[in-house]
Amino acid sequence: ETGVTQSPTHLIKTRGQQVTLRCSSQSGHNTVSWYQQALGQGPQFIFQYYREEENGRGNFPPRFSGLQFPNYSSELNVNALELDDSALYLCASSLVRGAPPGELFFGEGSRLTVL
Amino acid sequence: AQSVTQPDIHITVSEGASLELRCNYSYGATPYLFWYVQSPGQGLQLLLKYFSGDTLVQGIKGFEAEFKRSQSSFNLRKPSVHWSDAAEYFCAGWGNTGFQKLVFGTGTRLLVSP
């Protein structure tokens with residue numbers, strides 16, 4: 001148990017729809033990162049939020065957006081879903097103290113299937 | 001571009017035998033390196049990490065990894081594998097981008113035979 005919880009665990013959407021995934025970070029952690037893990041691949045960095053601001057983004061289009069709330073929980077929103085968005089979405093929390101990076105604590109993920 | 005490569009997609013090891021999972025990195029400077037394990041239906045768990053100093057790093061569950069700059073490698077080892085070690089293993093690097101972006105390899109699935 002890492003203390004990072006994600007919801008929902010599984011969901012099915014159709015192309016063009018929108019989805020919101022939620023993450024509750026470990027107590028005391030001020031940073032949340034989101035990763036996309038396609039089947040048979042390693043996780044790919046989507047973006048990171050630190051104190052409610054996006055402070056880093058991977059190679060994902062703007063239809064992937066996020067929020068971080070004052071309690072450091074977070075949402076990942078994906079608009080105009082495409083088939084290739086089908087993946088496991090992982091949330092990770094950490095306490096940023098500068099370099100080197102603090103340990104990332106991962107949740108168990110939300111499995112999104114787009115039909 | 002910063003990258004991490006895991007050349008083995010699957011590895012099968014007999015229970016009790018030794019294990020070595022390969023990882024190669026491509027970074028301009030020495031990156032911070034990590035090994036994570038993912039069991040089915042689970043998130044990622046950190047096994048060990050290398051930041052600097054001693055090139056042999058000890059982790060949890062009896063795992064260790066050796067950083068070799070000359071070979072750009074960070075291979076994971078375990079002297080005696082248990083059936084419960086069957087999982088997906090990911091090598092990852094962090095290249096000091098100013099935020100915590102981990103670059104993961106594609107993973108190696110470990111199968112443990114009786």
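Conventions adopted
Residues numbered from 1 in each chain as written. Chains lettered and ligands numbered in written order. Predicted model: local features only at pLDDT ≥ 70, side-chain atom pairs only at ≥ 80, totals over all residues. Heavy atoms only, no water. Helix = DSSP H or I, 4+ residues; strand = E, 2+ residues; numbered from the N terminus. Rg over C-alpha atoms; globule rule 2.2 N^0.38 Å. Buried < 20%, exposed > 50% of the residue type's maximum accessible area, 1.4 Å probe, protein only. Areas by Shrake-Rupley, 256 points an atom, 1.4 Å probe, with all protein chains shown as cover. Lys, Arg positive; Asp, Glu negative; His and termini not counted. Charge placed at Lys NZ, Arg CZ, Asp CG, Glu CD. Phe/Tyr/Trp six-rings, centres within 6.5 Å; stacked < 30°, edge-to-face > 60°. Contact = heavy atoms within 4.5 Å. Buried area = accessible area lost by both parts, 1.4 Å probe. Salt bridge = Lys/Arg side-chain N within 4 Å of Asp/Glu carboxyl O. Polar contact = N/O pair within 3.5 Å; in protein donor to acceptor, adjacent residues only side chain to side chain. Nonpolar A, V, L, I, M, F, W, Y, C, P; charged D, E, K, R; others polar. Core = buried A, V, L, I, M, F, W, Y, C linked by side-chain atoms within 4.5 Å.

S.K.: Mind showing me how you'd approach the overall build of chain B here?
M.R.: A tally of regular secondary structure across chain B gives zero helices and twelve strands. In chain B, the succession of α and β elements from N to C terminus is β-β-β-β-β-β-β-β-β-β-β-β. Its C-alpha atoms give chain B a radius of gyration of 14 Å, near enough to 13 Å, the size a compact globule of 114 residues would have. Overall, the C-alpha framework of chain B stretches about 45 × 30 × 25 Å when taken along its three principal axes. Evaluated residue by residue, chain B yields a buried proportion of 47% over its 114 residues. Within the structure as shown, chain B displays about 5300 Å² of accessible surface, and the carbon and sulfur contribution to it stands at 50%. The positive charge centre, built from 9 side chains, and the negative charge centre, built from 8, are 7 Å apart in chain B.

S.K.: I tried to follow the packing of aromatic side chains on my own but got confused; where do I start?
M.R.: The description of two aromatic rings rests on the distance between their centres and on the angle between their planes. Applying the stated rule across the entire model yields 17 aromatic pairs over all chains. When the ring of Tyr35(A) is compared with that of Phe45(A), the centres are 5.5 Å apart and the planes differ by 70°; the resulting orientation is edge-to-face. Remark: Phe45(A) occurs in strand 5 (residues 44–50) and Tyr35(A) occurs in strand 4 (residues 31–37); sequence separation between them is ten residues. Three or more aromatic residues joined by ring pairs make a cluster, and in this case those are Tyr35(A), Phe45(A), Phe106(A), Tyr32(B), Phe34(B), Tyr36(B), Phe51(B), Phe90(B), Trp94(B) and Phe104(B).

S.K.: Help me understand the interface of chain A and chain B, please; the structure alone is not making it clear to me.
M.R.: Interfaces are often sized by the accessible area lost when the parts come together. Chain A puts 26 residues into the contact, and the matching count from chain B is 20 residues. Counting each side, the surface lost to burial between chain A and chain B is near 1800 Å², with a carbon and sulfur contribution of 59%. For the pair chain A and chain B, the interface holds zero salt bridges. The interface formed by chain A and chain B includes two residue pairs in polar contact (both at pLDDT 80 or more). Elements supplying a minimum of two residues to the side of chain A that touches chain B: strand 4, strand 5, strand 6 (53–57) and strand 9 (87–94) of chain A. With four residues, strand 4 of chain A is the largest single contributor of residues to the side of chain A that touches chain B. By residue class, the composition of the side of chain A that touches chain B is eleven nonpolar, twelve polar and three charged.

S.K.: Help me understand the nonpolar core in this model?
M.R.: As a rule of thumb, soluble globular proteins bury nonpolar side chains together. Residues and elements named next belong to chain B. Counting 27 residues, the largest nonpolar core has Leu19, Trp35, Leu47, Leu48, Phe74, Leu76 and Tyr89 as its most contacted members. When contributions to this core are tallied by element, the ones reaching two or more residues are strand 2 (10–14), strand 3 (19–21), strand 5 (32–38), strand 6 (44–50), strand 8 (64–68), strand 9 (73–78), strand 10 (87–94) and strand 12 (108–113). If we ignore the near neighbours within four places in the chain, the residues touching Tyr89 are Gln6, Leu21, Trp35, Tyr36, Val37, Leu47, Phe63, Leu76, Gly107, Thr108 and Leu110.

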